[in-house]
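Structure assessment
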Amino acid sequence: MRIAVIGAGAIGRTLSGRLAGSGHDVTVGVRSPGSAARDELDARVEVATVEEAIAAAEAVIVAIPGAQIPAFAGEHGARVAGKVVIDTTNDLAGGHAGSLNHVDAWQAAAPQASVARAFCSYGWESFAEPVFAGAPATLFWCGPDGAAGEIVEDIVTAVGLEPLRIGDLSAAATLDGVARLWFQLAFTQGMGRHTALRLLRGGG
């Protein structure tokens, strides 16, 4: 699968490297491709403009600052039509207590895309090293089911995490709560950024 990762920050670098390592064709889209961007990325990853990366991809992972999502969706909504879009961002402009997502912006600007929210409840460290005590962390996500949902779960699995869909985009606020729990554990409780959750199921 050809995957575009938009953004070359810690999340974008980590996810692109993990996905390229699992055999996917990955292009990182940045505003100014060049040697500086290339030097920070996995050698197996291609670098292109945002527009070029989106055009060639079946799935688009957006890993930019969360406050930029409304403008990004407005600019590129038509380009992502028919594609699976995974929004990894949290907008902390209003603090941890407010809404962390911009689902409304995606729905308004990209109604033809299959949008999911994933990779937004842990730090990048848990994507770089997703196995804890011999088992992968559970990655909670929300978004489409069916074929589009299978693509999301394939991507999560390729990173090394156990995907668990908690509902469609109406569950975005619940996923925000998982992120807030992570902030509490990692920072307020002092557990550190390489902290994640795993769902345990009983029999029957």
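A brief structural summary. (Residues numbered from 1 in each chain as written. Predicted model: local features only at pLDDT ≥ 70, side-chain atom pairs only at ≥ 80, totals over all residues. Heavy atoms only, no water.)

Under the definition given, this model contains five aromatic pairs. Their ring planes at 65° and their centres at 5.6 Å tell us that Trp-182 and Phe-183 sit as a pair that is edge-to-face. For Trp-182, a relative accessible area of 6% gives the class buried. Take Phe-183: its relative accessible area is 13%, and that puts it in the buried class. Taking the centre distance of 6.4 Å and the plane angle of 20° together, the rings of Phe-183 and Phe-187 count as stacked. Taken as a pair, Phe-183 and Phe-187 lie in helix H8 (residues 172-188) at a separation of four residues, close to a single helical turn. Site record: aromatic cluster; members linked through ring pairs are Trp-182, Phe-183 and Phe-187. (Phe/Tyr/Trp six-rings, centres within 6.5 Å; stacked < 30°, edge-to-face > 60°. Buried < 20%, exposed > 50% of the residue type's maximum accessible area, 1.4 Å probe, protein only. Helix = DSSP H or I, 4+ residues; strand = E, 2+ residues; numbered from the N terminus.)

Time to look at the pattern of salt bridges. Under the counting rule described, the total for this entry stands at eight salt bridges. Of the charged contacts, one joins Glu-46 and Arg-2 as a salt bridge, the two residues approaching to 3.6 Å between their closest N and O atoms. Of this pair, Glu-46 sits in strand E3 (residues 46-49) while Arg-2 sits in strand E1 (residues 2-6); the two residues are 44 residues apart in sequence, bridging distant segments of the chain. Relative accessible area serves as the criterion here: at 43%, Glu-46 is assigned to the partly exposed category. One salt bridge connects Arg-44 with Asp-42, and the closest N-O pair in it is separated by 2.7 Å. We classify Asp-42 as partly exposed; its relative accessible area is 23%. (Salt bridge = Lys/Arg side-chain N within 4 Å of Asp/Glu carboxyl O.)

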